[in-house]
Amino acid sequence: MSEFLSSRLKSLQPYLPGEQPREREYLKLNTNENPYYLSRMAADNLEKKDFENLRLYSDPDCTALRNEIAMYYGIDAENVLPTNGSDEALAFCFAAFCGQGAVFPDVTYGFYKVIANLLGIEFREIPLCEDFTVKIQSYFNAGKTIFLANPNAQTGIGLPLEDIENIVAENPRTAVIVDEAYIDFGGESAARLIRKYRNLVVVQTFSKSRSLAGARVGFAMANQDLISDLKRVKDSFNPYNVNSVSAKLALSALRDDAYFKKCTAKIIATRDRLVRGLQSLGFCVLPSAANFVLAEHATTDGETLYRNLKSRGILVRHFSDERIRNFIRITVGTDAQTEILLKTLKELTAI
């Protein structure tokens, strides 16, 4: 680091994204990307003028996409804020609502801790139960802004909507942010609760279930006052935050609901096959409602499995966090990719 870096940031540990190696071709099951192509309808909807218009600034209100999201979820446009990926929406929430600090689970999306440290926000981590589930009573009357990934970003375990609503209802004086990046793979969105609760923000993304990770489009849903707060942060940081091509792709992908449902159904079915296959090889697999699974082998540690798979051209994710260091996180790919993975794991765990 240089001598010019702020002293406050010298100890900051940045978020470590999943590997994106370029030295060889890998079977890539480490970053929870969708294995299926973007909706053809969405891709074909792009026109020459969309690229010509890149010389112009995008709509700072992202009006067309905002209206489409609102229509899809049965809410008003004033309840929606499109963002540059869901990470930006989450960062806006930390900046806007965490004057009294934040709380989130000890095993969850690592971005929460990083952005809190970047912004100088005090936070407290609430340990998950022994079985890696969330004890919802631990979040009642939290006194700080609550961030919950549902399904949880590292475990895949989801909370029923009733539990989410109980947490929101028990914290009327603090904001509750529900990060639903993986909700389309097995959960029920809390979006319909935003009319009922003035303290709820629901964050989603087009990266996972709609195959637009590279386009960087997310959004927040909340009552009009909370969205106004988030827009204040957005306009102070990056007014033109969603580029026009990505916005049009996202809008068209949202309209192709039949393709979306077909792809998510395929991923859910493959996830079930993956779980059964892993269990037959001696793995303990946490119950997942996401497009990935967290698995621990009876005799081979997580780091060894990660390294051995990488040496054979397969990327999975390994975390050094103490509670999950013996696990590997595996993205659900196609059926063909899953067969390659299971065959390789059978060879590795038999050694």
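Residues numbered from 1 in each chain as written. Predicted model: local features only at pLDDT ≥ 70, side-chain atom pairs only at ≥ 80, totals over all residues. Heavy atoms only, no water.

Peer 1: Could you give an account of the packing of helix 9 (residues 257-280) against helix 11 (residues 335-350), naming the residues involved and the relevant values?
Peer 2: At their nearest, the axes of helix 9 and helix 11 sit 10 Å apart, and the two run at 10 degrees to each other. As summarised for this structure, helix 9 and helix 11 are arranged roughly parallel, according to the angle between their axes. Of the residues in helix 11, those in contact with Thr-270, Arg-273, Leu-274, Gly-277 and Leu-278 of helix 9 are Asp-335, Thr-338, Leu-341, Leu-342 and Leu-345. When its residues are assigned to classes, the contact of helix 9 with helix 11 shows 5 nonpolar, 3 polar and 2 charged. (Axes fitted to C-alpha atoms, helices over the stretch in contact; angles between N-to-C directions. Helix = DSSP H or I, 4+ residues; strand = E, 2+ residues; numbered from the N terminus. Parallel < 35°, antiparallel > 145°, perpendicular 65-115°, else oblique. Contact = heavy atoms within 4.5 Å. Nonpolar A, V, L, I, M, F, W, Y, C, P; charged D, E, K, R; others polar.)

Peer 1: Can you lay out the pattern of salt bridges for me, pointing to particular residues and giving the numbers?
Peer 2: By the definition in use, this model includes 19 salt bridges. The closest approach of N and O atoms between Lys-310 and Glu-19, which form a salt bridge, is 2.6 Å. One end of the pair, Lys-310, is in helix 10 (residues 302-311); the other, Glu-19, is in the segment before strand 1 (27-28), with 291 residues separating them in the sequence. Owing to a relative accessible area of 25%, Glu-19 belongs among the partly exposed residues under this scheme. Each of Asp-61, Lys-231, Lys-234 and Asp-235 takes part in salt bridges that share partners, so that together they form one network. (Salt bridge = Lys/Arg side-chain N within 4 Å of Asp/Glu carboxyl O. Buried < 20%, exposed > 50% of the residue type's maximum accessible area, 1.4 Å probe, protein only.)

Peer 1: Help me get a handle on the sheet that holds strand 10 (residues 292-297), residues and values and all.
Peer 2: As a general point, the strands of a sheet are linked pairwise by backbone hydrogen bonds and lie either parallel or antiparallel. As summarised here, the arrangement of the 3 strands in space is 9-10-12, forming an open sheet in which the pairing is antiparallel. Each edge of the sheet is formed by a strand with only one pairing partner; in this case those strands are strand 9 (283-285) and strand 12 (327-331). Going across the sheet, the axis of each strand differs from the next one's by a mean of 35 degrees, ignoring polarity. By the bridge criterion, 3 bridges tie strand 9 to strand 10 in an arrangement that is antiparallel. Note that in strand 10 the partner of Phe-283 across the bridge is His-297. Along the sheet face, helix 10 touches strand 9, strand 10 and strand 12 and points at about 45 degrees away from the line of strand 12. (Pairing = 2+ DSSP bridges.)

Peer 1: Explain helix 3 (residues 63-73) residue by residue, including any values.
Peer 2: Leu-65, Arg-66, Glu-68, Ile-69, Ala-70 and Tyr-73 are the residues of helix 3 that are buried. In this structure, the buried side of helix 3 is in contact with strand 2 (80-83), strand 7 (200-205), strand 8 (218-222), helix 7 (224-237) and helix 8 (244-255). Positive phi shows up at Gly-74, right after helix 3, with a value of about 70 degrees.

Peer 1: Give me the lowdown on the pairing of strand 2, citing residues and values where you can.
Peer 2: Because side chains alternate across strand 2, one face comprises the buried residues Val-80 and Pro-82, and the other comprises Leu-81 and Thr-83, equally buried. As defined by bridge partners, strand 2 adjoins strand 8 across 4 bridges and the pair is classed as antiparallel. Looking across to strand 8, one finds that Leu-81 is bridged to Ala-220.

Peer 1: Please provide a residue-by-residue account of unusual backbone geometry, values included.
Peer 2: Backbone torsion omega between Asn-150 and Pro-151 reads -5 degrees, so that peptide bond is classified as cis. Relative to the elements of secondary structure, Pro-151 occurs in the loop between strand 5 (145-149) and helix 6 (161-169). Non-glycine residue Phe-132 carries a positive phi angle of around 70 degrees. For Phe-132, a relative accessible area of 9% puts it in the buried group.

Peer 1: Give a detailed account of the pairing of strand 10, specifying residues and quantitative values.
Peer 2: Counting buried positions along strand 10 gives 5 out of 6 residues, so the element sits mostly inside the fold. Hairpin remark: strand 9 followed by strand 10, antiparallel, with 6 residues in the connecting loop. Across 5 bridges, strand 10 lies against strand 12 in antiparallel orientation. Within the sheet, the bridge partner assigned to Glu-296 lies in strand 12 and is Phe-327.

Peer 1: Talk me through the nonpolar core; I want residue IDs and the actual numbers.
Peer 2: If you look at the biggest cluster of nonpolar residues, it comprises 59 residues, and the most contacted ones within it are Phe-94, Phe-147, Val-201 and Leu-278. For this core, the element with the highest residue contribution is helix 4 (residues 85-97), accounting for 7 residues. Setting aside chain neighbours within four positions, we find Phe-147 in contact with Leu-90, Cys-93, Phe-94, Cys-98, Ala-102, Val-103, Phe-104, Pro-105, Tyr-112 and Ile-177. (Core = buried A, V, L, I, M, F, W, Y, C linked by side-chain atoms within 4.5 Å.)

Peer 1: Which residues make up the packing of helix 10 against helix 11, and what are the values?
Peer 2: Where helix 10 meets helix 11, the axes come as close as 11 Å, and the angle between the chain directions of the two elements is 120 degrees. When the interaxial angle is binned, helix 10 and helix 11 end up oblique. With respect to the hand of their crossing, helix 10 and helix 11 are arranged in right-handed fashion. Seen from helix 10, the contacting residues are Leu-305, Asn-308 and Leu-309; seen from helix 11, they are Leu-341, Thr-344, Leu-345, Leu-348 and Thr-349. Residues of the contact of helix 10 with helix 11, tallied by class, amount to 5 nonpolar, 3 polar and no charged. (Left-handed = near helix turned anticlockwise from the far one by under 90°.)

Peer 1: Please set out the environment of Phe-94 residue by residue, giving values where relevant.
Peer 2: Tracing the chain through its elements places Phe-94 in helix 4. When the C-alpha positions of Phe-94 and Arg-307 are compared, they lie 35 Å apart, and in sequence the two are 213 residues distant. If we ignore the near neighbours within four places in the chain, the residues touching Phe-94 are Ala-102, Phe-104, Tyr-112, Ile-115, Ala-116, Leu-119, Ile-121 and Phe-147.

Peer 1: Go over helix 5 (residues 111-118) with me, naming the residues and quoting the values.
Peer 2: Burial in helix 5 covers these residues: Phe-111, Tyr-112, Val-114, Ile-115 and Ala-116. Contact partners of the buried residues in helix 5: helix 4, strand 3 (102-105), strand 4 (123-126), strand 5 and strand 6 (176-179).

Peer 1: Residues and numbers for the packing of aromatic side chains, please.
Peer 2: Inspection of every chain in the model, using the stated rule, returns 15 aromatic pairs. Taking 5.3 Å as the distance between ring centres and 25 degrees as the angle between the ring planes, the aromatic pair formed by Phe-104 and Phe-123 counts as stacked. Here Phe-104, found in strand 3, pairs with Phe-123, found in strand 4; they are 19 residues apart in sequence, far enough to count as distant. Given a relative accessible area of 1%, Phe-104 falls into the buried group. Exposure remark for Phe-123: the relative accessible area of 26% places this residue in the partly exposed category. Linked through ring pairs, Tyr-15, Phe-94, Phe-104, Tyr-109, Phe-111, Tyr-112, Phe-123 and Phe-147 together constitute an aromatic cluster. We note Arg-40 situated over the ring of Tyr-37; from NZ or CZ to the ring centre the distance is 4.0 Å. Sitting over the ring of Phe-292, Arg-329 keeps its end group 5.4 Å from the ring centre. (Phe/Tyr/Trp six-rings, centres within 6.5 Å; stacked < 30°, edge-to-face > 60°. Lys NZ or Arg CZ within 6 Å of the ring centre and 35° of its normal.)

Read these as geometric descriptors, not functional statements.
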